[in-house]
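Spelled out from the first residue to the last, the chains are:
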Amino acid sequence: MPAVQYLQSARSGGVQLDKCDRQHYVQRDVDKRGYDEPGRYLRLGDAYCTDDDTNVEYMFLHMMEVYGVNDISYDDFAEEFLFHCQNYVWCANLEARELMRSGVLPPMSGQKQYNSQWSAIDAQIESEIFGMTAPGNPVDAYKRSKWWVSAVGDGVAVENAAYYAMLCASAFYLENVDELLRETNRLIMQLSGGDAIETVDCVNFVLDECEKIADSYRKGEEQWRQVRLALKNKYYTGNAVDARLNFASVIMALALGDGDFEETARIAVLAGWDNDCNAATACTIAGMISGWSGLPQNLKEQSGTYYYNSRRPGLTSDSFDGITRRIMAQSEKVLLSNGGSIENGVWTVPVQTLYTPASYASALTLEKAASDAAASDGFKKIYDEKLAFSTGMA
């Protein structure tokens, strides 16, 4: 895999950042980064602020940079999560955070016997980065994503998350959406020992429903609503952030979009439910397949190029290119740690390698993290004291 192919795919996948729906203007630290004049206010088309899903992956990226791709422990995870996610967290993430504050470490913080929100969408909107860091290696993406997102989810929510990560990893070499989905079905059943049956059954149900309208379906038209009705009848229980319902919606958008980025986005958005997250995920995967060069030019011209960290204390703002290259740096480490190689810009991906997480103590107490003592030595590795609270700006 040439390095340029990685940059193309990862950069297009990185455009999943949602435009903030709560702020009309953002202010950049432009004098230090050279983007514009200091103090200039920019409209939302220029930059994106912290959302409710991608921001967690941005935090995960930071953790990999601080601890290493294979060396972080659940103790470290909890300490980082508590500091960076001090507000603007919901559902399973919020409950997991409160559990960590009380001393319940991951993965218990995501397990259904402790976290009543375990089946919410949270885990599966925070996993795509683990496919980006394992290009061409869905086996690693499966194991790695499950280790991370098990901190906030359980059961089908975690298997769905791993499925998304596997799609991203495999999108580096599989361009046909139907082939991508069916190959991921086969592989995840092997890797999970059958635990992913509910996830695979959902994919197959969606594909069957899409097949029923295949002859009449036309891009830009509304036949997809027939599939959406079938999903509603099967999965909707009154909870719009349920993992199963929203997973089915993403698979519908991917299957009917069939690699067309705009059609995939149109269906994911119009289908509703947690559609900002669903469109971000579906378009990430579609973007990984097409690469940056394959994205619609009119959308690229309208897209912002900068992420403004507005709600995660201790993390920085960055350009999309900067974030892409940071993810690529971590993917190189994952590749080499799995026995792969990089020579003359060509990445050789080993077959069937598995990420082995760092061992951790399964104690139910974490006094240092639970205290939220941001001034303690334990937090010095987490954030730069020069950074202003919640802005990520020096």
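Above this text you will find the structure in question.
Thresholds applied
- Residues numbered from 1 in each chain as written.
- Predicted model: local features only at pLDDT ≥ 70, side-chain atom pairs only at ≥ 80, totals over all residues.
- Heavy atoms only, no water.
- Helix = DSSP H or I, 4+ residues; strand = E, 2+ residues; numbered from the N terminus.
- Buried < 20%, exposed > 50% of the residue type's maximum accessible area, 1.4 Å probe, protein only.
- Contact = heavy atoms within 4.5 Å.
- Axes fitted to C-alpha atoms, helices over the stretch in contact; angles between N-to-C directions.
- Parallel < 35°, antiparallel > 145°, perpendicular 65-115°, else oblique.
- Left-handed = near helix turned anticlockwise from the far one by under 90°.
- Nonpolar A, V, L, I, M, F, W, Y, C, P; charged D, E, K, R; others polar.
- Salt bridge = Lys/Arg side-chain N within 4 Å of Asp/Glu carboxyl O.

Help me get a handle on unusual backbone geometry, residues and values and all.
In this chain, Pro106 is followed by Pro107 through a cis amide linkage whose omega measures 5 degrees. Locating Pro107 in the fold gives a position in the loop between α5 (91-101) and α6 (129-132). Positive phi, normally seen in glycine, also occurs at Asp258, with a value near 50 degrees. Within the fold, Asp258 resides in the loop between α12 (243-257) and α13 (261-270). Taking relative accessible area as the criterion, Asp258 reaches 47% and is therefore assigned partly exposed.

Please provide a residue-by-residue account of the environment of Cys91, values included.
Relative to the assigned elements, Cys91 resides in helix α5. Expressed as a C-alpha distance, the spacing of Cys91 and Gln117, which sit 26 residues apart in the sequence, is 5.9 Å. Setting aside residues no more than four positions away along its own chain, Cys91 makes contact with Gln117, Ala120, Asp122 and Val241.

Go over the environment of Leu336, please, and point to the residues and values.
As for its placement among the helices and strands, Leu336 is situated in helix α16 (residues 320-337). Distance in space between the C-alpha atoms of Leu336 and Val349 is 8.8 Å, their sequence separation being 13 residues.

Give me the lowdown on the packing of helix α3 (residues 54-67) against helix α4 (residues 74-84), citing residues and values where you can.
Two measures define how a pair of helices packs: the angle their axes make with one another and the distance between the axes. Between α3 and α4, the shortest axis-to-axis distance is 11 Å and the interhelical angle comes to 135 degrees. The angle between the axes of α3 and α4 places the two elements in the oblique class. As α3 packs across α4, the resulting crossing turns out to be right-handed. Counted together, Met59, Phe60, His62, Met63, Val66 and Tyr67 of α3 and Asp76, Phe77, Glu80, Phe81 and His84 of α4 form the full contact between these two elements. In terms of residue class, the contact of α3 with α4 is made up of seven nonpolar, two polar and two charged.

Break down the pattern of salt bridges for me, with residues and values.
If you walk through the whole model with that rule in mind, you get 15 salt bridges. Between Arg266 and Glu263 there is a salt bridge, with its nearest N and O atoms 3.0 Å apart. One end of the pair, Arg266, and the other, Glu263, are both in helix α13, three residues apart, so they sit about a helical turn from each other. The structure contains a network of salt bridges with shared partners spanning Glu222, Arg225, Glu263 and Arg266.

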